[in-house]
Amino acid sequence: MTESIVRQFPLGKRSFKLIPLGQLLSEREGAVSQPSVHVTAAEIARFAGVTRATVSNWRRRHPDFPGPVAGSEASPLYDLTAVRGWLKSRGQTPAVTPIEELRNLVRLRIGTPVATRLLPFVYATARLDSTEQAKLAKLTDNDLAIAATRAVTAHATDLPVTQGEDFGPDDAELLRAVLNGLLAEGGQAVLDVLAERELTDIHSIGAYRTPQPLADLMARFLHTDDGSYPAAVFDPACGTGSLLEAAGQQGAMRLLGQDLLEVQALRSAVRLKIALPDRHTVVQAGDSIRADAFADLQANAVLCSPPFADRDRGHDTLIYDPRWTYGVPPRSESELAWVQHALTHLAPGGYAVLLLPPGTGFRSPGRSIRTELLKAGALRAVIALPPGIVVPLHIGLHLWVLRRPDQNPPTDSILMMDLSRQSDRRETIDWTSLNDTVLASWHSYLSDPAHFEPVPELARAVPVVELFGDNVDLTPLRHLYRTKLDPAEVSRQARALLEQLHRSLGDFSAAIDAQSWADSETEGRTWRTATVSDLAKGGMLAIRRTVRDTSDSPLPEEHRTRPVLRSQDVATGSRATGVADEDQAAPPIVVETGDVLLPRVAAREQLACRVADEDDAGCLLGPNLTVLRVDPSRIDPWFLAGFLLSEENLVAATGLRQDVSLEPSKLKVPLMPLHEQHRYGRAFHNLNWLEHAARKARNLAFDTARTISDVLTRGALAPPDS
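This text gives an overview of the structure that appears in the document. Every value quoted in this text rests on a predicted model; they were computed, and no experiment measured them. (Residues numbered from 1 in each chain as written. Predicted model: local features only at pLDDT ≥ 70, side-chain atom pairs only at ≥ 80, totals over all residues. Heavy atoms only, no water.)

The secondary structure content of the chain amounts to 24 helices and 27 strands. Evaluated residue by residue, the chain yields a buried proportion of 48% over its 722 residues. In the chain, once contacts between residues fewer than 6 apart in sequence are set aside, the share between residues at least 24 apart is 77%. Of the accessible surface of the chain, which amounts to about 34400 Å², a share of 52% is contributed by carbon and sulfur atoms. (Helix = DSSP H or I, 4+ residues; strand = E, 2+ residues; numbered from the N terminus. Buried < 20%, exposed > 50% of the residue type's maximum accessible area, 1.4 Å probe, protein only. Contact = heavy atoms within 4.5 Å. Areas by Shrake-Rupley, 256 points an atom, 1.4 Å probe, with all protein chains shown as cover.)

Rendered as structure tokens:
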């Protein structure tokens, strides 16, 4: 690449230097003054398209391989520019995906806000079809820079952050990488790569994406009983735009958002305009609390997952702010500032759904504001979610559903729901069940709050007067156990649990009795082996892999209603819990009976291999799974599954690491006749039965003991007389 002069371009009130990649690779002296990008050996292996062992060999065998520049002896870090230069000098062209190459180029633009420059270009070109994108990518450097500038000027003028100086030939490599990324994996993957470096540089706190299933749940709260949906939805801390996108998918026509971080506001705007081109989208950059860009807005609804514990929000300068209708938020209660900000931007009678930490409901400094919210009838529901749904994973966050008071008298109760014990972080969240449970209770409560039928230990309409205690504690768990229990019903449920446990123990006993084996020879049996890759070459099986589908192409109609087997389902032995629209994988693979399923990444203690049965057949294979589809006339699937995860294979593939990244093609399998395979297959099948029966009995024993112990302490059951 030819040498070029460093150019300056304006962005807002600041200026940044753009350093061409060619200059970084060729001018070693000039690069010394720039901070270097550090990478681990694993990262080198990934972008070079080799194994970590190969990188270790390079370090030992080649004296000119760049030495560590940071880190420790156990975990050294290397200069990315130096490593890429070494690879280039040896003719080693990295075999990386277009997205990975884009990530590498972005990382090399040291000190440059790459995303804020390139996101408008993504927006301008993502609307093109793949043929036009491919034509752009083949232009000369100069022509590509001119075309990119024209495209941004013509199509990206309504974004919250505008591009600075025009693109030049030195930007062509990065522009071309963006186009290749769009062609390979779609707009969302490119958006994520461009934003992630800038967010890392900013050290942003709380810049987490709301998981799509949770965003969908929050958006669905806004449906009315007559089936209509709010026309205008506002998110004052929109982040990546997932909540607004969920609202748009549900039917909102105006999507309005603001975010403190310029890169997040820009990313959100581009994402929404690409995903929902027929919606009216306006996203602004800036601090919603201190510099409200929508001061006069009264939207039909608000969705928000605000930053937590933000003490630097201008507390001292906002004491007399008119938004504080329910009281001035204490410095330590920033979440209650966001609650009142959301209510201010609602039209009378409009609803807001906020994702908040549980402390918002019970901390002492916020007591007076919680009291006023209850008195005014502004708070309608508090739902405690299971932990592990969203960062921070160890805390079960709460959903607050609020309504801006109008001329109607306030309701004298609020809905309390506790789902915090529905699962833990080791289990898969059943989103379908969770959504149905929460929304059924919410709509039942909305239709008739005074006669809401409580669900023991799960949901209750709590009279507001019960909440005016010492601390006005709004933690749902504290208010659900006042529900009266029917001793006869509780006794029936306890007996039903014990009967299930008895049956499961019978299955467990049968699984134990099914275990049998014969002593092998004194020295133990040995076999000739072949890798899975060798078996595939011989036509004995086919290897098929999936990745998360980040393209904008819709799932084929015949697959949309199929459940999805996720990697967590394979690990836990559960049935398919994924949903096609949320766990879409590419290419779509329909599971067949006898398929051997393996997760590509898992914790070592959760690593499992699964042979698909009749209940699995017809499901879609989720992202990051591998299926080995065997020829049953040549390979027994249970035999294959049993030997794939042998300790010898695991040690060879992963060493002693706890996080396993599995490449099935390298795993070794014994070579033996089919009748011998069947013998081993039956043994492995019986062991799988034993493991499944033990897991089921354990879970039932835990649930039974916990349930009966709880109702004993609440007086609904009594211990025997003797």
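There's more to say after this.
What follows is about the sheet that holds strand 5 (residues 76-79). On the basis of which strands lie adjacent, the open sheet formed by 3 strands has the order 3-5-4 and antiparallel pairing. In this open sheet, the two edge strands, each paired with only one partner strand, are strand 3 (38-39) and strand 4 (70-71). Looking at chain direction, strand 4 and strand 5 are connected through 2 bridges and run antiparallel. Looking at strand 5, one finds that Gly 71 is bridged to Pro 76. (Pairing = 2+ DSSP bridges.)

Packing of helix 7 (residues 114-126) against helix 14 (residues 262-275) leaves a shortest axis separation of 10 Å and a crossing angle of 5°. By the angle between their directions, the pair helix 7 and helix 14 is classed as roughly parallel. The residues of helix 14 that touch helix 7, namely those facing Ala 115, Thr 116, Leu 119, Pro 120, Val 122, Tyr 123 and Ala 126, are Val 263, Leu 266, Arg 267, Val 270, Lys 273 and Ile 274. Tallied by class, the residues present in the contact of helix 7 with helix 14 amount to 10 nonpolar, 1 polar and 2 charged. (Axes fitted to C-alpha atoms, helices over the stretch in contact; angles between N-to-C directions. Parallel < 35°, antiparallel > 145°, perpendicular 65-115°, else oblique. Nonpolar A, V, L, I, M, F, W, Y, C, P; charged D, E, K, R; others polar.)

Moving on, we come to the packing of aromatic side chains. Overall, the coordinates contain 15 aromatic pairs when judged by the stated rule. Note on Tyr 445 and Phe 452: the rings are 6.2 Å apart at their centroids and 80° apart in plane angle, and the pair reads as edge-to-face. By relative accessible area, which is 9% here, Phe 452 ends up buried. In this arrangement the basic side chain of Arg 127 is found over the ring face of Tyr 123, its NZ or CZ atom lying 4.6 Å from the centre. (Phe/Tyr/Trp six-rings, centres within 6.5 Å; stacked < 30°, edge-to-face > 60°. Lys NZ or Arg CZ within 6 Å of the ring centre and 35° of its normal.)

With mixed pairing, 3 strands are arranged side by side in an open sheet as 19-18-24. This sheet does not close on itself; its edge strands, each paired only once, are strand 19 (578-579) and strand 24 (620-621). Judged from the 2 bridges that link them, strand 18 (residues 563-565) and strand 24 form a sheet pairing that is parallel. Of the residues in strand 24, the one forming a bridge with Leu 565 is Leu 621.

Let's shift gears to the pattern of salt bridges. Applying the stated criterion across every chain yields a total of 25 salt bridges. Of the charged contacts, one joins Arg 267 and Asp 192 as a salt bridge, the two residues approaching to 2.7 Å between their closest N and O atoms. Separated by 75 residues along the polypeptide, Arg 267 in helix 14 and Asp 192 in helix 11 (residues 187-202) bring together distant segments of the chain. The buried category is assigned to Arg 267, whose relative accessible area is 10%. For Arg 279, the salt bridge identified is with Asp 278, shortest N-O distance 2.7 Å. Classification of Arg 279 by relative accessible area gives buried; the value is 18%. When its relative accessible area of 52% is taken as the criterion, Asp 278 is described as exposed. Each of the salt bridges in this network shares a partner with another, and the network as a whole consists of Arg 575, Arg 610, Asp 613, Asp 615 and Asp 616. (Salt bridge = Lys/Arg side-chain N within 4 Å of Asp/Glu carboxyl O.)

A word on the pairing of strand 14 (residues 459-463). Each regular strand shows side chains that alternate between the opposite faces of the sheet. The element strand 14 is largely enclosed, with a buried count of 4 among its 5 residues. Summarising the sheet, strand 13 (residues 413-418) and strand 14 pair through 5 bridges and their orientation is antiparallel. Bridge pairing links Met 416 to Arg 460 in strand 14.

A separate point is helix 7. An ideal rise of 1.5 Å per residue puts 18 Å on 13 residues; helix 7 measures up with 17 Å between its terminal C-alpha atoms. A large share of helix 7 lies buried, amounting to 13 of its 13 residues. (Expected span 1.5 Å × (residues − 1).)

Let us now look at the pairing of strand 12 (residues 398-403). Among the 6 residues that make up strand 12, 6 are buried, leaving the element largely enclosed by the rest of the structure. Burial of the side chains of strand 12 extends over both faces: His 398, Trp 400 and Leu 402 are buried on one face and Leu 399, Val 401 and Arg 403 on the other. As paired strands, strand 10 (residues 346-356) and strand 12 are joined by 6 bridges and run antiparallel to one another. Residue pairing for strand 12: Tyr 351 is matched across the bridge by Arg 403. The sheet contact formed by strand 11 (residues 379-384) and strand 12 spans 5 bridges and is antiparallel.

This part covers unusual backbone geometry. Positioned with a positive phi, Val 472 is a non-glycine residue whose angle comes to about 45°. Along the chain, Val 472 falls in the loop between strand 14 and helix 18 (477-480). Given the relative accessible area of 1%, Val 472 is considered buried.

Structurally, Thr 626 is set in strand 25 (residues 625-630). Sequence spacing of Thr 626 and Val 547 is 79 residues, and the spatial spacing of their C-alpha atoms is 9.4 Å. With near-sequence residues (within four places) excluded, Thr 626 lies in contact with Ile 543, Arg 544, Arg 545, Val 596, Leu 597, Leu 598, Arg 600, Leu 621 and Pro 664.

Packing of helix 8 (residues 130-137) against helix 10 (residues 172-185) leaves a shortest axis separation of 9 Å and a crossing angle of 155°. Judged on the interaxial angle alone, helix 10 and helix 8 are roughly antiparallel. Regarding helix 8 and helix 10, the two cross each other, and that crossing is left-handed. Each of Ser 130, Gln 133, Ala 134, Leu 136 and Ala 137 in helix 8 lies in contact with helix 10, whose residues at this interface are Arg 176, Leu 179, Asn 180, Leu 182 and Leu 183. A breakdown of the residues in the contact of helix 8 with helix 10 according to their chemical character gives 6 nonpolar, 3 polar and 1 charged. (Left-handed = near helix turned anticlockwise from the far one by under 90°.)

Next up on the list: the side chain of Thr 475. Checked against the element boundaries, Thr 475 lands in the loop between strand 14 and helix 18. At a separation of 2.7 Å, a polar atom in the side chain of Thr 475 contacts the side chain of Asp 473. If near-sequence neighbours (up to four positions away) are discounted, Thr 475 is found in contact with Gly 361, Phe 362 and His 398. (Polar contact = N/O pair within 3.5 Å; in protein donor to acceptor, adjacent residues only side chain to side chain.)

Among the surface-exposed residues, Arg 59, Arg 60, Arg 61 and Arg 90 lie close enough to one another that they form a single positively charged patch. The topology assignment puts Arg 60 in helix 4 (residues 52-61). On the basis of relative accessible area, Arg 60 is assigned to the exposed category, the value being 62%. (Patch = residues over 30% accessible without salt bridge, like charges linked within 9 Å, V, L, I, M, F, W, Y side chains within 5 Å. Lys, Arg positive; Asp, Glu negative; His and termini not counted. Charge placed at Lys NZ, Arg CZ, Asp CG, Glu CD.)

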